[in-house]
Amino acid sequence: IVGTLGIGFLAIEVALIQPLIRFLGYPTLTLSVVVFGLLIGGAAGSLVAQRWPDGELPCRAAVAAACIALIGVALRLGLGPLFAAALPLPIIARSLIGLAVVLPLGFALGIPFPTGIRMARGEFDRFIPCLWGINGLTSAVGSIGAMLIAREFGFPNACLAGALLYLALIGLAPRIRG
């Protein structure tokens, strides 16, 4: 499950960069907008998730995974028309639109991994360092996989692949503690 999170996160992140480069016109600015939005959104999602009662964690992790999948599909379908309509705007306005696209996704992406770590506490404390390692390793693999998918099938489909990995978590999250 932790591996799915790492691969899915990076697939979605990498897939967001290409359409935003075309929209913003500057690769460095695009990378800044995507990374900033995902980090701030992810931190906020993680902070909110830390306040949830332990008994609700599997259900809420499944809801977050569903939100990620829905946002991923929405981005797959709706970025082109949104960006085309906003292209005449100044770069600051386009940057804010890009940030507004990335922040909600970052918020949802910030929930599953910290929630999974909380669920592993207690009985599985000794495995928590391994979970961090697996997440880091699969994040690196996920970036390569996302680029391969994007090259062969297009960036929108790489985003969709990441969303589908999170969708797979919906069925798994309620079973983790059991």
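Use the structure listed above.
Given the structure is predicted, the values throughout are model-derived calculations rather than measurements. (Residues numbered from 1 in each chain as written. Predicted model: local features only at pLDDT ≥ 70, side-chain atom pairs only at ≥ 80, totals over all residues. Heavy atoms only, no water.)

## What about the overall build of the protein chain?
Looking only at helices and strands, the protein chain has seven helices and zero strands in total. Of the regular secondary structure in the protein chain, the N- to C-terminal order runs α-α-α-α-α-α-α. Compactness check: the protein chain gives a C-alpha radius of gyration of 16 Å against a globular reference of 16 Å for 178 residues, within 12% of the reference. Judged by the C-alpha coordinates and their principal axes, the protein chain covers about 55 × 35 × 25 Å. Taken over 178 residues, the protein chain has a buried fraction of 43%. Here the analysis covers contacts within the protein chain between residues at least 6 apart in sequence; of these, 81% occur between residues at least 24 apart. One way to put it: in the protein chain the 11 positive side-chain charges average out to a point 7 Å from where the 6 negative ones average out. (Helix = DSSP H or I, 4+ residues; strand = E, 2+ residues; numbered from the N terminus. Rg over C-alpha atoms; globule rule 2.2 N^0.38 Å. Buried < 20%, exposed > 50% of the residue type's maximum accessible area, 1.4 Å probe, protein only. Contact = heavy atoms within 4.5 Å. Lys, Arg positive; Asp, Glu negative; His and termini not counted. Charge placed at Lys NZ, Arg CZ, Asp CG, Glu CD.)

## Description of the packing of helix α2 (residues 27–49) against helix α4 (residues 91–109)
It is the contact of α2 with α4, at a shortest axis distance of 7 Å, that shows an interaxial angle of 35°. Note on packing geometry: the crossing formed by α2 with α4 is right-handed. Here L29, V33, V34, F36, G37, L38, I40, G41, G42, A44, G45 and V48 of α2 come into contact with α4, specifically with I91, S95, G98, L99, V102, L103, G106, F107 and L109. (Axes fitted to C-alpha atoms, helices over the stretch in contact; angles between N-to-C directions. Left-handed = near helix turned anticlockwise from the far one by under 90°.)

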